[in-house]
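Structural description and commentary
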Amino acid sequence: MRLLLLTASALTLAAADPVTYLRDVAPILNKAGCTSGPCHGAAKGKNGFKLSLRGYDAQFDYEALLYDLSGRRFNRAEPGRSLVLAKPTQQVAHGGGLRFEKDSEYYKTIYNWIAQGVPYGDPAKDAVTQLEVTPAAIDMPKPGQTASVKVVARYADGKTRDVTREATVESNTPDVAKVDAAKVSGERIGEATLLVRYEGKFSTIPVTILNPKPGFVFRALAQHNFIDAAIDAKLQKVKIQPSPAADDAAFLRRASLDLTGQLPTPEDIRAFLADPAPQRVKRARKIDKLIASPAYVDHWTVKWGDLLQSTRKFLGEKGTYGFREWIRASLAANKPYDKLVRELLTAGGSSYDNPAANYFRTTREAKPTMEKTTQVFLGVRMVCAQCHDHPFEKWTQNQYFQMAAFFSAVGLRPGYEIGEEIVYDIRAEYDMKHPKDSRVVPPQFLIASTAPVPIPSTPRRRDALADWLTSAQNPFFAKAIVNRVWSYFFGYGIIDPVDDIRASNPPANPALLDALTKDFIDHGFDLQHLMRTIANSRAYQADFRTNEWNEKDATNFSHALPRRLAAEQLMDAVAQAAGARPNFPEVPDDTLASQLPDPHVGKDGFLDLFGRPNRESACECERRADLSLPQALNLINGKTISDAVADPKGRVAKMVLAGKTDAAMVEELYLATFSRLPTKAESEAGVKYLGGGARAARAQDLLWALLNSKGFLYSY
Amino acid sequence: VRTLLLFLCTLPLAAGPAPVLNELQPRGAQKGRPFELTVMGNYLDEGVRIVSTLPATFTPLAPDKPEMAARYAKFLVEPTAEWEVGVYTVRLAAPNGLSNILLFTVGAFAEITEDESRPGSLPNQNDSIEKAQTLSSTPLIVNGTLKGPERDVYRVYGKATEKRVFEIEARRAGSSIDPVIRILDANGKQLARSEDDPLLALDARLEFTFPREGYYYVEIHDARFSTQGQNFYRLKTGFYPYASEVFPLGGRRGEVVEVSLGAGSVKADLRNATGPQTFLNIADSPALPVPFAVGDYPEVREPLAAPLTLPVTINGRLAKPGEIDRYELPVEGGAKYILQVQARELGTSKIASLITVTGEDGKQIARVGDGPLPVDVAAVQVSSRTVGDPYLQFEAPKDAKKVIIAVEDLALRGGPHFGYRLSVYKKPQELRATISTPFVNIPAGGTALVSVNVERRDYAGPIRVEPIDLPEGITATGGDIPYEIPDPINRANSRRAIIALTAAPNAKPFHGEIGFRAMAKGDHGESIETRATGLGYLIGVAGATTQGVVDRQRALTGTWLGHQLPAAISTPPPATLTLALEKTTQKAEGYEFLFRWRFDTADASQAVPDNVSIDLPNFIDFRAIEMAADKKDRKTGTFLVTSTRNTLPTLYNISVSANLRSGGVMQEVVSPVIAFNAPAVPEPEEKPTNASAAANR
């Protein structure tokens, strides 16, 4: 009797609409967590059953279900006794616990699928082609409100289905917008982005929770260029009043540090403050002068040395100096950025004769070289896609290997001189193989270019990659560097992190990023023009002090954010403020921290303590801007500061020997450290202190105190 | 002079160690002009004289400070023939032995010394534009030094559009500096830079046109800011012609060859050439001459006018990027051939050669230049390995009448500096030998050890290395390189032989050269023999990194000198050291060889160490244990050498050495080499089991 009932029940279920793995079952496995990392989506699966992570490889999962255990996961005669149903409903023991109930829709769907003969489905019909997400944006006038998200999948056959329940909706800033089962609640003032994903398709929803405080009236400030227009438009929309421009001294300090890595000298500051030219004019002139200075080249050589991993650990001694010189010469000549990148990607021959070839010596193999290339020049992190389709982007594992295939023919062979290597194109057996089935993966661009670039079938594929990558039509290339450079001036990117550009990490101000990108391309990928444009904007020159409307803003560039000086900036600033020179081993005596060849010099010292990167990865994150107790102790008790203030040829010694007055000494020390004149109270306190005893020792004390204060340690 | 002669005559004969040469001052001189040469080093007070390739007399001068005579010696140098611009060797010879070689350069221009390098000067006097040393005349050669990581800056005056050459002679002149030249304006902006000139290897040269009249700054620094023992450079400046290319890269001994040097061609007269290399220059050029190889095979030049006949040396050049030179080679089916490239080692070509041999059907027969490299345990890191010019052995297919040889650059580069010499000859097996000891002082009544490296080419059998025409009173022991089983994974093929040269206590004084030859019997019984080439000199190059060595650079050698092994009899050692094999014991997985060493000292109070260093090359799984001096007689002791099943059963050479302090100086004493056999390890007997016992029944 029971058998009869069961059969009847099976017939009833089996009479339902056609069910396919692609359209119906795979989303259930994903939603139920079967394909998640801790479960069967783990690298080695779970308990002998392996599915692809988040179901990125439907074909693989389908075959695993069908053929593993000799197909014993299904009982087609009695679908309800199939392991694939019995396990998640815990009719038999399941390490993953209960995933859905026996009377659930998910159960019925899978039951019907088994009963119908476990059809895979037709990708031409059953694959999701698009997600339609509503609302397109969520604006909440105040925290505490809620909104619902609806997700509709559109399939290749034109049909649609509400998949809100199966789709995954996540917030990138849960403390601003929290998500629970497609319900969004506004937690506090700010902005967040919701990432909606379903069956390999993604969509995002921006969420803005406005300041409910009454009385906001946007007071327009002078707009220096298109940057300010784009920023003001956004600020006005989100009810944020920007801060006005900083004073001249603060501007000079900030611009000098950002453009050259160096503090302005007291003489520079006095001259700049005394310049009667209109503010915007004299600031623009100063920006030009800073960009034309040798210190500009040193400063940006450090940045690019970090990104290109110029270190003797990978390149040897002569290789490191050679690569650094190549970077220096490129920056000094303001080589167009697309040309610079092209030279790196297409470099070959001797690493001594053509130092750009060192680009391939750090990563050495195709896959890490591709990961570095996409991360540094496109701002795209492909590393996840080596093992599985990217969880938060559209990049697939196939694309990973297609892109890596551009570098699979790059060979390295020792040269005649020690430390010299020849970078060449391998003549035979250079194909990239897919790890899954060892099939040859031909090179293919990450996304199609609007101007098609032919890819040759020869080993020399890098030229095509360079054509595509540096093209003005490439939607990532110019945007990535513009965003990266922007972050160096503001402390954070329009997209942040700067080397993680993806749909789920949208720009804070898309119009601003688009305008900057277009301007950069229109000006021939001119990095100096880009920096000049940024530095001349009112937004860049804004005061760090906030008002009641922008005090909580940290993403819309409404005010300057104080930033701790980077390691090299700090060390050079200490040396310059104290009038001493850093004394590094293995380099000439007058070498500044910003002129060091690589992290080997001064290793494990002050620079590393303050976050100098080892250059072992191309990630911007390797440079630390953290604050720590050892740093504080080093500043207070360490040799770097104590030696600098007491340098026999230093600023204090020179001032004392020159017979400067107490007031003059106080003024000079403030100019040398804070890059501004002391206030009246500061001056009086300083003079009083100097007059209280041994003048030289007290001047050293004052300098020490200034060097240990935030006014010195930060750029603001 | 009489005082000096008296002084020299009263020197005790060969009282101390052999002289060591650390420094020459100056490092160069203007041709034809007598000058005073100061040599600096150690043990210079034992009647040293200068042995040099410079045609000159070297007259000793009385020391300024007699108490420093062991460290400084001065000579008056006068030409005895016309001096050519070039590099010459300076070695010291004394009754107690030979010194190392340093190089000395003759130039055409007036010479000055960098202010900072003058005796007694303070360091870092011209390290910046502000403190630049002014060079008020041109042409000129400045003899400078880079003491540690520093820059030297010179101020020069130039007129608008005036051209001037700035060139550094460093590596070519025997300095370990890897120089960089930069031309800067008064604001420090770099106007020109040269690091490795394609024709000067690691030396630098640039031709600069002054954009406007005024002062400019010439900065010299080491490419790695390293600290070197040989830290000098010669800044040559003026406007002069120089060779900008060399083609062909060499010619045949006994012939006169027309050679293009870029700015014109010259005739290379090789009729009296003796060494493996000579030098060529544009007539009257003040630039240093460029290396030019001398070969012994008939030579042809691309494009070929006639079919190749062997042996032959092909002179070719990849004139433009991507060019591949192809040669048709008539072959005998089944015969073995060798292709040997000579290019990079000359310093006048940048080619990284890739050689491919294909059959008439287009199928590849052999290839070299891009395959896996043999394991190099001496490389500091993977990226600091090197490869020299490649050679390729191949066997012609049985029915082949001809093959095609393709020569290309690994990175498909090309241009005027991508010349090559490709020697092709028929030979089934070959040895190449190098004496890796640059010179030797053999103590009278004592022993010195010499190493000879032998490169195997398709030959895996035993090799014997022997001295040629040993002087009377000197005997040799050792020289055996055992057979081996080729390892398809680690294709390293260079093996070292140790040869101990022992002088009789009454051996006659000897200053000369000792040659070596490597010999073997080929697979078909034919004799394989080659004469070893000498290093000439060996000048080390230090790394720039003090903590954790990252790079070394190639030591400077002078194979171009064509030396064998310069040798001399030196003072008796403080002790003699002998070694004997006392016992061989079979163990389960190998053998134990018990060796005994013994010091014999004329002076009973001479202290000797409790252990010795062992040199036992080519012994697989070498392990030495239980080294100890005898408790009752500290002058003798024993150690055990153990072998394993991996150790090939054959003849091995072993020697031991130790450092003894005598007269306040550490001196090395070496034992003669002894040869011993490592027997084969018997296969373990199979122990009967129930199953095997049953089977036997």
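Here the structure is a predicted model, which is why all the values come from computation and not from measurement. (Residues numbered from 1 in each chain as written. Chains lettered and ligands numbered in written order. Predicted model: local features only at pLDDT ≥ 70, side-chain atom pairs only at ≥ 80, totals over all residues. Heavy atoms only, no water.)

Moving on to the overall build of chain A. Secondary structure summary: chain A contains 29 helices and 17 strands in total. The dimensions of chain A, computed from C-alpha atoms along their principal axes, are 110 × 75 × 45 Å. Taking all 716 residues of chain A together, the buried fraction comes to 56%. Of the roughly 29,100 Å² that chain A leaves accessible, carbon and sulfur atoms contribute 55%. Across chain A, 91 positive and 83 negative side-chain charges occur, with their mean positions spaced 3 Å apart. (Helix = DSSP H or I, 4+ residues; strand = E, 2+ residues; numbered from the N terminus. Buried < 20%, exposed > 50% of the residue type's maximum accessible area, 1.4 Å probe, protein only. Areas by Shrake-Rupley, 256 points an atom, 1.4 Å probe, with all protein chains shown as cover. Lys, Arg positive; Asp, Glu negative; His and termini not counted. Charge placed at Lys NZ, Arg CZ, Asp CG, Glu CD.)

With that out of the way, let us pick up the sheet that holds strand 13 (residues 421–425) of chain A. Residues and elements named next belong to chain A. A sheet is described by the order of its strands in space; here three strands give the open sequence 11-13-12, paired in antiparallel fashion. With one partner strand each, in any of the chains shown, strand 11 (349–350) and strand 12 (410–414) form the two edges of the open sheet. Where strand 11 meets strand 13, two bridges bridge the pair, whose relative direction is antiparallel. Its bridge partner lying in strand 13, G349 is registered against V423. (Pairing = 2+ DSSP bridges.)

Right, let's get into the nonpolar core. If you look at soluble globular proteins, the nonpolar side chains tend to sit buried side by side. Counting residues in each nonpolar core, the largest one holds 100 residues, and the members touching the most others are W304(A), Y337(A), F377(A), W468(A), W486(A) and F489(A). With ten residues, helix 18 (residues 477–490) of chain A is the largest single contributor of residues to this core. Residues within four places of F489(A) in sequence aside, it is in contact with D258(A), L259(A), W300(A), M531(A), I534(A), A535(A), Y540(A) and R563(A). Within the second largest apolar cluster, 46 residues are counted, among which are L199(B), I282(B), V341(B) and L392(B). (Core = buried A, V, L, I, M, F, W, Y, C linked by side-chain atoms within 4.5 Å. Contact = heavy atoms within 4.5 Å.)

The next point concerns the packing of aromatic side chains. In this description, a pair of aromatic rings is defined by centroid distance and the angle of the planes. In this structure the tally under the stated criterion is 60 aromatic pairs over all chains. Centroid distance F490(A) to Y540(A): 6.0 Å. Interplanar angle 75°. Geometry classified as edge-to-face. Taken together, the residues F490(A) in helix 18 and Y540(A) in the loop between helix 20 (527–536) and strand 16 (563–564) connect sequence positions 50 residues apart. Members of the aromatic cluster, each reached through a chain of ring pairs, are Y296(A), W300(A), W486(A), Y488(A), F489(A), F490(A), Y492(A), Y540(A) and F557(A). The cationic tip of R23(A) hangs over the ring face of Y155(A); the distance from NZ or CZ to the ring centre is 4.2 Å. The ring centre of Y416(A) lies 3.8 Å from the NZ or CZ of R554(B), which sits over that ring. (Phe/Tyr/Trp six-rings, centres within 6.5 Å; stacked < 30°, edge-to-face > 60°. Lys NZ or Arg CZ within 6 Å of the ring centre and 35° of its normal.)

This next bit is on the sheet that holds strand 27 (residues 336–342) of chain B. Residues and elements named next belong to chain B. Spatial strand order, 24-25-32-27-30: five strands in an open sheet with mixed pairing. At either margin of the open sheet sits one strand with a lone partner, and together these are strand 24 (299–301) and strand 30 (391–395). Across the sheet, the mean angle separating the axes of adjacent strands is 20° when strand polarity is ignored. In terms of strand pairing, strand 27 meets strand 30 through five bridges, oriented antiparallel. Residue pairing in the sheet places Q340 in a bridge with Y391 of strand 30. (Axes fitted to C-alpha atoms, helices over the stretch in contact; angles between N-to-C directions.)

Below, the discussion takes up the confidence of the model for chain B. All names here are of chain B. Summarising the model, chain B shows a mean pLDDT of 92, and 94% of its residues fall at 70 or more. This model gives residues 1–14 a pLDDT under 50, and the stretch forms twelve contacts once residues within four places in sequence are excluded. Under the prediction, the complex receives an ipTM of 0.91, its pTM being 0.90. (pLDDT = per-residue confidence, 0-100.)

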